[in-house]
Amino acid sequence: DLGLREDVLAGIKSYGFKHPTDIQAELIPVALAGKDVIGQAKTGTGKTAAFTLPILHNADPDIKGQALILAPTRELANQITESFRTYGRKLNLTCTAVYGGVGAVPQIKAMGRGVDILVATPGRLLDHLGQGNIRLDQVEIFVLDEADQMLDMGFIVPIRKVVAALGPERQTLFFSATMPKDIRRLAGELLDNPREV
């Protein structure tokens, strides 16, 4: 009923899901329509699938670097990457996680081969950008996950640097469990006439 393509639905079915959560039912159609979104949701509400499924639905295997998901921790980056691989198992797409605390060489090799969907923490992504290992100007969908946690961890300046490397024509999906003033201000900078879910 949400309008997802059959090969994406096949990935969902193989995972055993039958019905969307509230945030998935509300957010997926808005994201599929190409609109910017502010999603406010706690952990465990199905938020990750709410953005991975529309990205997979709209993905073009001929365009590298079309989606970037920024996450605060490597644990969350790995979890998001696993979701893309699970739901997208019927699709010919590559998804790579890039984060600190591990060697950079395998990440550089993966990006050198070309990645469709990149999941990254801000610090390591900026390192790769600074070294010329990746370009972000082809990103069509940008997801900022756990924005409040990002700000608590002091990532506001790195986030702005990453956003400055993106092209102007993009869809932005912005997620935060809470919406204090500084989060609203950041959302105002990044999003264009967003829908709130």
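Quick notes on the rules
- Residues numbered from 1 in each chain as written.
- Predicted model: local features only at pLDDT ≥ 70, side-chain atom pairs only at ≥ 80, totals over all residues.
- Heavy atoms only, no water.
- Phe/Tyr/Trp six-rings, centres within 6.5 Å; stacked < 30°, edge-to-face > 60°.
- Helix = DSSP H or I, 4+ residues; strand = E, 2+ residues; numbered from the N terminus.
- Buried < 20%, exposed > 50% of the residue type's maximum accessible area, 1.4 Å probe, protein only.
- Axes fitted to C-alpha atoms, helices over the stretch in contact; angles between N-to-C directions.
- Parallel < 35°, antiparallel > 145°, perpendicular 65-115°, else oblique.
- Left-handed = near helix turned anticlockwise from the far one by under 90°.
- Contact = heavy atoms within 4.5 Å.
- Nonpolar A, V, L, I, M, F, W, Y, C, P; charged D, E, K, R; others polar.

Taken as a whole and assessed by the stated rule, the structure comprises three aromatic pairs. Ring plane angle 55° and centroid distance 5.1 Å describe the contact between Tyr15 and Phe17, whose orientation is recorded as tilted. Ring centres of Tyr15 and Tyr87 lie 5.5 Å apart, and the angle between their planes is 65°; this geometry places the pair in the edge-to-face category. Here Tyr15, found in helix α1 (residues 6–15), pairs with Tyr87, found in helix α4 (residues 74–87); they are 72 residues apart in sequence, far enough to count as distant. Owing to a relative accessible area of 45%, Tyr15 belongs among the partly exposed residues under this scheme. Residue Tyr87 is classed as buried on the basis of its relative accessible area of 6%.

One can describe the packing of helix α2 (residues 22–32) onto helix α3 (residues 47–58) by two numbers: an axis separation of 9 Å at closest approach and a directional angle of 30°. Taken together, the axes of α2 and α3 are roughly parallel relative to one another. Like other packed secondary-structure pairs, α2 and α3 cross with a definite hand, here right-handed. Facing Ile23, Gln24, Leu27, Ile28, Ala31 and Leu32 of α2, the residues of α3 in contact are Lys47, Ala49, Ala50, Leu53, Pro54, His57 and Asn58. Split by residue class, the contact of α2 with α3 holds nine nonpolar, three polar and one charged.

Mapping Thr121 onto the fold places it in the loop between β4 (117–120) and α6 (122–130). Remark: the alpha-carbon pair of Thr121 and Pro194, spanning 73 residues in sequence, is separated by 24 Å. Excluding residues that lie within four positions of it along the chain, Thr121 makes contacts with Leu70, Ala71, Pro72, Thr73, Arg74, Val98, Tyr99 and Gly100.

Let's shift gears to unusual backbone geometry. Residues other than glycine seldom take positive phi values, yet Glu146 does so here, at roughly 55°. Position of Glu146 relative to the elements: it lies in the loop between β5 (141–144) and α7 (147–152). Residue classification places Glu146 among the buried residues on the basis of a relative accessible area of 12%. With a phi close to 50°, Asn193 is a non-glycine residue in the positive phi region. By secondary structure assignment, the location of Asn193 is in the loop between α9 (181–190) and β7 (195–196).

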